[in-house]
Amino acid sequence: MAMYLGSNLITGSGSVSGQTNGWYWIKYSNGTAECFKKFVFTESINNITTNGYRSKTIDLGAYPIEFVEVPVVVLNSYCDYKYSDAIGEQFIFNTQTDKPTLTSCGKIIFFCFRQSSDRVITLDVVVKGIWKEI
């Protein structure tokens with residue numbers, strides 16, 4: 001796996017990398033590829049559910065490169081702790097509502113135990129898959 005340092009990608013020999021629409025990507029000569037993107041959302045989490053509140057559905061859009069198999073998509077979400085003045089408010093998690101495809105990360109919803117408006121949420125997305133058959 002390549003190291004990701006801010007806007008710099010450190011890759012090995014036989015690879016090519018680039019940046020497209022906020023995504024950083026690497027294609028390796030062995031046919032694998034990785035993509036990285038940090039999304040920052042300002043969301044209201046105020047739709048009531050059985051165990052808390054949820055945001056609207058958010059479409060994460062297309063990958064910056066094409067894959068020949070559906071890649072693995074790893075999501076990690078967290079919120080700015082300056083908005084976390086109450087127990088349970090710092091806990092934010094996400095779930096995918098549409099599965100990843102060959103071209104798209106799918107859609108997600110954020111959940112929280114407390115209702116909140118204009119919550120700043122950061123979502124790190126890492127995608128790894130096959131971009132060419134060897």
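Residues numbered from 1 in each chain as written. Predicted model: local features only at pLDDT ≥ 70, side-chain atom pairs only at ≥ 80, totals over all residues. Heavy atoms only, no water.

Asker: I would appreciate a short explanation of the overall build of the protein chain in the present structure.
Answerer: Assigned secondary structure in the protein chain consists of zero helices and 12 strands. Overall, the protein chain shows an N-to-C arrangement of helices and strands of β-β-β-β-β-β-β-β-β-β-β-β. The 134 residues of the protein chain split such that 41% are buried. As presented, the protein chain carries roughly 7,600 Å² of accessible surface, and 52% of it is formed by carbon and sulfur atoms. (Helix = DSSP H or I, 4+ residues; strand = E, 2+ residues; numbered from the N terminus. Buried < 20%, exposed > 50% of the residue type's maximum accessible area, 1.4 Å probe, protein only. Areas by Shrake-Rupley, 256 points an atom, 1.4 Å probe, with all protein chains shown as cover.)

Asker: Even after reading the chapter, I still don't get the packing of aromatic side chains, so can you show me in this structure?
Answerer: What characterises a pair of aromatic rings is the spacing of the ring centres plus the angle enclosed by the ring planes. By the definition in use, this model includes four aromatic pairs. Seen from their ring centres, Trp-23 and Phe-39 are 6.2 Å apart, and the 85° between their planes marks the pair as edge-to-face. In this pair, Trp-23 is assigned in strand 4 (residues 23–28) and Phe-39 in strand 5 (residues 32–45), connecting sequence segments 16 residues apart. Centre to centre, the rings of Tyr-63 and Phe-67 are 5.3 Å apart; their planes meet at 85°, and the pair counts as edge-to-face. Grouped by ring-pair contacts, the aromatic residues Trp-23, Phe-39, Phe-41 and Phe-110 constitute a single cluster. Residue placement shows Lys-27 over the ring face of Trp-25; its charged tip is 5.8 Å from the ring centre. (Phe/Tyr/Trp six-rings, centres within 6.5 Å; stacked < 30°, edge-to-face > 60°. Lys NZ or Arg CZ within 6 Å of the ring centre and 35° of its normal.)

Asker: Teacher, can you tell me more about the pattern of salt bridges here?
Answerer: Side-chain pairs of opposite charge can arise where the charged atoms are in close proximity. Tallied over the full model, the rule gives four salt bridges. Across the pair Asp-98 and Lys-107 runs a salt bridge whose closest N-O atoms are separated by 3.8 Å. Its relative accessible area of 36% is what places Asp-98 among the partly exposed residues. (Salt bridge = Lys/Arg side-chain N within 4 Å of Asp/Glu carboxyl O.)

Asker: What exactly am I supposed to notice about the sheet that holds strand 5 here?
Answerer: Hydrogen bonds along the backbone pair up the strands of a sheet, which may run parallel or antiparallel. Ordered by their spatial adjacency, five strands build an open sheet running 3-4-5-12-9, and the pairing between neighbours is antiparallel. Of all the strands in the sheet, the pair left with one neighbour each is strand 3 (15–20) and strand 9 (72–79). Taken over all neighbouring pairs, the strand axes of this sheet differ in orientation by 20° on average, direction set aside. Two elements, strand 5 and strand 12 (residues 116–130), share 13 bridges in a ladder whose sense is antiparallel. Within the sheet, the bridge partner assigned to Phe-39 lies in strand 12 and is Leu-123. (Pairing = 2+ DSSP bridges. Axes fitted to C-alpha atoms, helices over the stretch in contact; angles between N-to-C directions.)

Asker: Got a minute to help me understand the pairing of strand 5 in this structure?
Answerer: Consecutive side chains of a regular strand alternate in pointing toward one face of the sheet and then the other. Counting buried residues in strand 5 gives 10 out of 14 residues, a clear majority hidden from the surface. Hairpin geometry of strand 4 and strand 5 is characterised by an intervening segment of three residues between the two adjacent antiparallel strands and by a positive phi of about 95° at Gly-31.

Asker: Quick question: what am I supposed to make of the side chain of Lys-37 here?
Answerer: Relative to the helices and strands, Lys-37 resides in strand 5. The buried charged residue Lys-37 lacks any salt bridge, with Asp-59 as its nearest oppositely charged partner at 10 Å. Within the local environment of Lys-37, its side chain forms a polar contact with the backbone oxygen of Asn-21, the two atoms lying 3.1 Å apart. (Lys, Arg positive; Asp, Glu negative; His and termini not counted. Polar contact = N/O pair within 3.5 Å; in protein donor to acceptor, adjacent residues only side chain to side chain.)

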